[in-house]
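Letter by letter, the chains look like this.
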Amino acid sequence: MSNPTLHLPWPILGLILGLLVVCLWLAVVSVRKMADALERQPDGMLPLIGCDAPARSPLHSWDPRFKLVAILIFAFLVVSLKQPVMVVAALAVAIIILAFTRLPWSRSLRRIMAMNGFLAMFLIVMPLTSVVQPGDSLIVFGTFESWPLNLRGMKLALIIIGKAWTVALMMEPLLATAPLGATLEGLSRIGIPQRVSELLLIAHRYIHVFFGELQRMRSGMEARAFKSDHRLDTLKDYGNFVGMLLVRSFERTHRVYDAMQARGYAGRMPGHFQFRGQASDWLKALLLAAIGIGLLLADRLTGGGA
Amino acid sequence: MHISDGVMPTSLALGSGAISLALTAWSSRMTRGDDLPKVAVVAAAFFVAALVHVPLGPTSVHLLLPGLVGALLGPSAFLAIVLGLVLQSLMFQFGGLTALGGNALLMGLPALACGLIFQVFKGEGVKRQMIVGGSCGGLGIIGSAIILALLLFLSGEDFLGVAKLALAAHLPVVFIEALIAAFIIRFLCKVKPEMLTAPFTLKRNKL
């Protein structure tokens, strides 16, 4: 084997394993806490998409059509990057754009926290399971020759985390700088079927209604001494709980649809958003696309294509 | 359960996106125009049902219910799942932006298959529907896990280990989902059996 290998004694492996166990335990506890917190939130605490605030930044005044296309192109260019330096640069660009929007950071942080469980799995598993290629740096503990830590795998995992964070950070500038209706209408103007954006708007409204219903039913169950544990009866209760949620929402569906028809609904909501498409919209879109293409070119020219 | 941004190579992300877009178009054509707002509301209901966490060992899993979506919606299931995933990605960042196509395939294809299986085998009687529904619930997760592993495998040989781990992690979820799907189907059989007959042929209450 021609791989540069670093031999480390046993105790360090024990230390790392101990750290892993602690991390895993913390992750498990936090998932449980998050789940509990989600179900116990006061009414209507699911995040709302979009905002109606007046324009405060270059991104607020950006035509949603151009914003959607430019950010989508940027996202696809970012996930094509292969070099850590370029991924860090993309992350920096995303942070700068987010700073420009002057939106609260907490929403973006919550987006990143939501992904971290999945990403942490990559960070732990990839170094252990990546295929060893000639030239990879390995770390071997004691006599565990058959299970080396592959540093290339760790690099891959870190690159994935960087890309995922970058795209996640671009979501708030995309969504929270215009009313959801405007963003969705922009979506249908750029070729997504009108039906789909219409349905998204309706579904987004009813998610909040049904979430309120879920919480009401949940507190009803708790008032009747329901406790979440590991018996078959608990699963039965959960089945009835979700079944009831579905029955109620189906029945509501019909009432909602009748009400919509009575108000003259014929397949689309009346849109009242004005799209202008000025020179500045083009300029912002071209700027973002140019940054993305520049990153990709720099990535490939410095040997990332290998 | 979801693939995040940055895992799939761009070609795979774009390819799965194109396939999902075609399937979405097919699914919305199979849905009658009148039923479209209903699909949106049902998608919202399943979105909320996916926020229910069921305890499993020291942690908890949230429900996915792809098999049940298929059983209740038939061909419209793919459209409903795409709606749910887009909203999940927009609201919580589960599933990412560039990976939407892949995630739609891994939830939507099992839903369509389970819908077909349920409609063919459901037969009569609460017990039989419960068993078939439960199997669909389990099969839906197995199908999702297999497609997830396949997508990871196609992303490069380095992801093989992650793919294996993902498959293994889904095993306990299969049983939980199968049991809960069976109980949900039993509940629906008793309370509102017309929801299980055929997607969206419910008779509206005449005043």
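This structure is a prediction, so every number in the text was calculated from the model and none was measured.

### A look at the confidence of the model for chain B
Residue and element names in this part refer to chain B.
Piece 1. Looking at chain B as a whole, its pLDDT mean stands at 84, while 94% of the residues score no less than 70.
Piece 2. In this model, residues 200–207 is a region of pLDDT below 50 whose contacts with residues beyond four sequence positions or in other chains number 15 contacts.
Piece 3. Scored by ipTM, the complex comes to 0.86, with pTM at 0.84.

### Side note on the environment of Ile160 of chain A
Piece 1. For Ile160 of chain A, the position within the fold is in helix H5 (residues 151–175).
Piece 2. For the pair Ile160 of chain A and Val87 of chain A, spaced 73 residues apart in sequence, the C-alpha to C-alpha distance is 8.9 Å.
Piece 3. Dropping the residues within four chain positions of it, Ile160 of chain A is found in contact with Leu119 and Phe122 of chain A together with Asp5, Gly6, Val7 and Phe159 of chain B.

### Points about the packing of aromatic side chains
Piece 1. Across all of its chains, the model carries five aromatic pairs over all chains by this definition.
Piece 2. A ring pair is formed by Phe66 of chain A and Trp282 of chain A, whose centres lie 4.9 Å apart and whose planes are at 70°; its orientation type is edge-to-face. Residue Phe66 of chain A is located in helix H2 (residues 64–79), and its partner Trp282 of chain A is located in helix H9 (residues 279–304); the two are separated by 216 residues in the primary sequence.
Piece 3. On the basis of relative accessibility, which here comes to 13%, the residue Phe66 of chain A falls in the buried class.
Piece 4. Summarising the aromatic geometry, the rings of Phe47 of chain B and Phe92 of chain B are spaced 6.0 Å apart at their centres and angled 20° between planes, so their arrangement reads as stacked. Here Phe92 of chain B lies in helix H4 (residues 77–92) and Phe47 of chain B lies in helix H2 (residues 36–49), a separation of 45 residues in the sequence. With respect to class, Phe47 of chain B is no different from Phe92 of chain B; both count as buried.

### Quick word on the pattern of salt bridges
Piece 1. Under the criterion given, the structure shown has twelve salt bridges over all chains.
Piece 2. The salt bridge partner of Asp158 of chain B is Arg152 of chain A, with a shortest N-O separation of 3.0 Å. Placement of the pair is Asp158 of chain B in the loop between helix H6 (126–154) and helix H7 (160–191) and Arg152 of chain A in helix H5, with the two residues belonging to separate chains.
Piece 3. Where Glu213 of chain A meets Arg252 of chain A, a salt bridge forms, and the shortest distance between an N and an O atom there is 3.1 Å. Of this pair, Glu213 of chain A sits in helix H7 (residues 194–223) while Arg252 of chain A sits in helix H8 (residues 232–262); the two residues are 39 residues apart in sequence, bridging distant segments of the chain.
Piece 4. When its relative accessible area of 6% is taken as the criterion, Glu213 of chain A is described as buried.
Piece 5. Judged by its relative accessible area of 22%, Arg252 of chain A is partly exposed.
Piece 6. One network of salt bridges, with partners in common, ties together Glu213, Arg216, Arg248 and Arg252 of chain A.

### Section: helix H6 (residues 180–189) of chain A
Residues and elements named next belong to chain A.
Piece 1. Burial analysis of H6 places nine of its ten residues in the buried class, which makes it a mostly covered element.
Piece 2. Of all the positions in H6, only Leu180, Gly181, Ala182, Thr183, Leu184, Glu185, Gly186, Leu187 and Ser188 are classed as buried.
Piece 3. Where H6 is buried, its residues touch H2, H5 and H7.
Piece 4. Phi turns positive one or two residues past the end of H6, at Gly191, with a value near 115°.

### Details of the nonpolar core
Piece 1. By size, the foremost hydrophobic cluster in this structure holds 152 residues, and its most contacted members are Phe122 and Leu246 of chain A together with Leu152 of chain B.
Piece 2. Here this core takes 14 residues from H7 of chain B, the largest share from any one element.
Piece 3. Not counting the four nearest positions on each side in its chain, Leu246 of chain A is found in contact with Ala45, Phe46, Leu68, Leu72, Ile184 and Met195 of chain B.

Rules of the game
- Residues numbered from 1 in each chain as written.
- Chains lettered and ligands numbered in written order.
- Predicted model: local features only at pLDDT ≥ 70, side-chain atom pairs only at ≥ 80, totals over all residues.
- Heavy atoms only, no water.
- pLDDT = per-residue confidence, 0-100.
- Contact = heavy atoms within 4.5 Å.
- Helix = DSSP H or I, 4+ residues; strand = E, 2+ residues; numbered from the N terminus.
- Phe/Tyr/Trp six-rings, centres within 6.5 Å; stacked < 30°, edge-to-face > 60°.
- Buried < 20%, exposed > 50% of the residue type's maximum accessible area, 1.4 Å probe, protein only.
- Salt bridge = Lys/Arg side-chain N within 4 Å of Asp/Glu carboxyl O.
- Core = buried A, V, L, I, M, F, W, Y, C linked by side-chain atoms within 4.5 Å.

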